[in-house]
Amino acid sequence: TLSLLYKLNRIDPSPLGPLDGATATHNDRISVLRNDITTLAVDAIVNAANRSLLGGGGVDGAIHRAAGPELVAECRNLGGCDTGSSKITEAYKLPCKKVIHTVGPIYNLLHRQRCEAALQGCYQSALQLAVQNGLKTIAFSAISTGVYGYPSPAAARIACSTVKDFLESKDGKKLDRIIFITFEEKDVSSYNRILPRFFPPS
Ligand code: AR6
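Note that the coordinates shown come from a computational prediction; the quantities given were computed from them, not determined experimentally.

Rules used throughout
- Residues numbered from 1 in each chain as written.
- Predicted model: local features only at pLDDT ≥ 70, side-chain atom pairs only at ≥ 80, totals over all residues.
- Heavy atoms only, no water.
- Helix = DSSP H or I, 4+ residues; strand = E, 2+ residues; numbered from the N terminus.
- Buried < 20%, exposed > 50% of the residue type's maximum accessible area, 1.4 Å probe, protein only.
- Contact = heavy atoms within 4.5 Å.
- Areas by Shrake-Rupley, 256 points an atom, 1.4 Å probe, with all protein chains shown as cover.
- Near = heavy atom within 4 Å.
- Polar contact = N/O pair within 3.5 Å; in protein donor to acceptor, adjacent residues only side chain to side chain.
- 1 Å grid on protein atoms, 1.4 Å probe; cavity = no way out; pocket = protein on both sides within 12 Å on 5 of 7 lines; lining within 4 Å.
- Sits in = over half its atoms within 2 Å of the grid points.
- Points joined across faces, edges and corners; volume = space filled by probe spheres on them.
- Nonpolar A, V, L, I, M, F, W, Y, C, P; charged D, E, K, R; others polar.

Student: Explain the overall build of the chain to me, using residue names and the numbers behind them.
Tutor: On a plain count of helices and strands, the chain comes out with six helices and seven strands. For the chain, the α and β elements follow one another from N to C terminus as α-β-β-β-α-α-β-β-α-β-α-β-α. Buried residues in the chain amount to 51% of all 202 residues. Put simply, 69% of the contacts in the chain that link residues at least 6 apart link residues at least 24 apart. Summed over its atoms, the accessible surface of the chain is roughly 9300 Å², and 53% of this surface lies on carbon and sulfur atoms.

Student: How would you explain the site of the ligand if you had to name every residue and give the values?
Tutor: Not every one of the 23 residues close to the ligand is listed here, only the nearest: N50, G57, V59, D60 and S144. Note that a nitrogen atom of the ligand is positioned 2.8 Å from one of the side-chain N or O atoms of D36. A distance of 2.7 Å separates an oxygen atom of the ligand from a polar side-chain atom of D60. If the ligand stood free it would expose 710 Å²; the protein chains cover 92% of that surface. With respect to the detected pockets, the ligand is housed in the largest pocket. No other element matches helix 2 (residues 58-67), which puts four residues into the shell around the ligand.

Student: Which residues make up empty space enclosed by the protein, and what are the values?
Tutor: Applying the stated criterion to the full structure yields one cavity of 30 Å³ or more. Volume-wise, the largest cavity comes out at about 40 Å³. Lining the largest cavity are Y123, A142, I143, T145, S152, A155, A156, D187, S190 and Y191. Where the lining of the largest cavity is concerned, the elements lending two or more residues are helix 5 (152-168) and helix 6 (185-198). Of the residues contributing to the lining of the largest cavity, the split by class is six nonpolar, three polar and one charged.

Here's what the structure looks like:
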């Protein structure tokens, strides 16, 4: 399984270090990886964008920098994107095949249910777009858990439950592997804690 991850990740996984203790292939369809999403040679990476789709900081900034200026040029024609929805583009200089841009909610404790529904919408709509485009290996950044302030354990639970439901649906059978990719130890440990509740380890 480690060799599969190396294959997915053709580029040297520095600067965060090679596949260390914080990295796990959970089972034959789910992985958690602590790395830079822009290095992954998967079918699609999922960007944590904003409603303008014109770039920003965090993972969005990293993806636009690595893809080159053609990405924002394509995004300009998309007319933005609603919170909880996704749009797909080419990947340009990135090693993946496509980029799926999703817009997570800005976390607000007073509107917890609305935030939860929107985050669910991000995962669902991204997976739906992947299937529609014949993409089988999808890497998700930890949507909304950075600048948008979503608490990491709650976000990981929604990510896992939504992905599980989707993988069990008719369309979900068309997907090979979902990778939850994060930068920060707090997100890795959230996923590692929550994953066994939703997916049996192999
Ligand atoms: N690879 C993988 N994960 C990353 C990378 C990377 N290269 N860079 C950051 N992360 P954030 P949000 C992690 O703030 O909360 C942007 O300005 C990061 O550690 O990027 O959805 C957009 O334009 C965190 O765990 O996204 C929006 O305006 C996770 O990615 C806004 O930020 C998401 O953090 C979206 O905020």
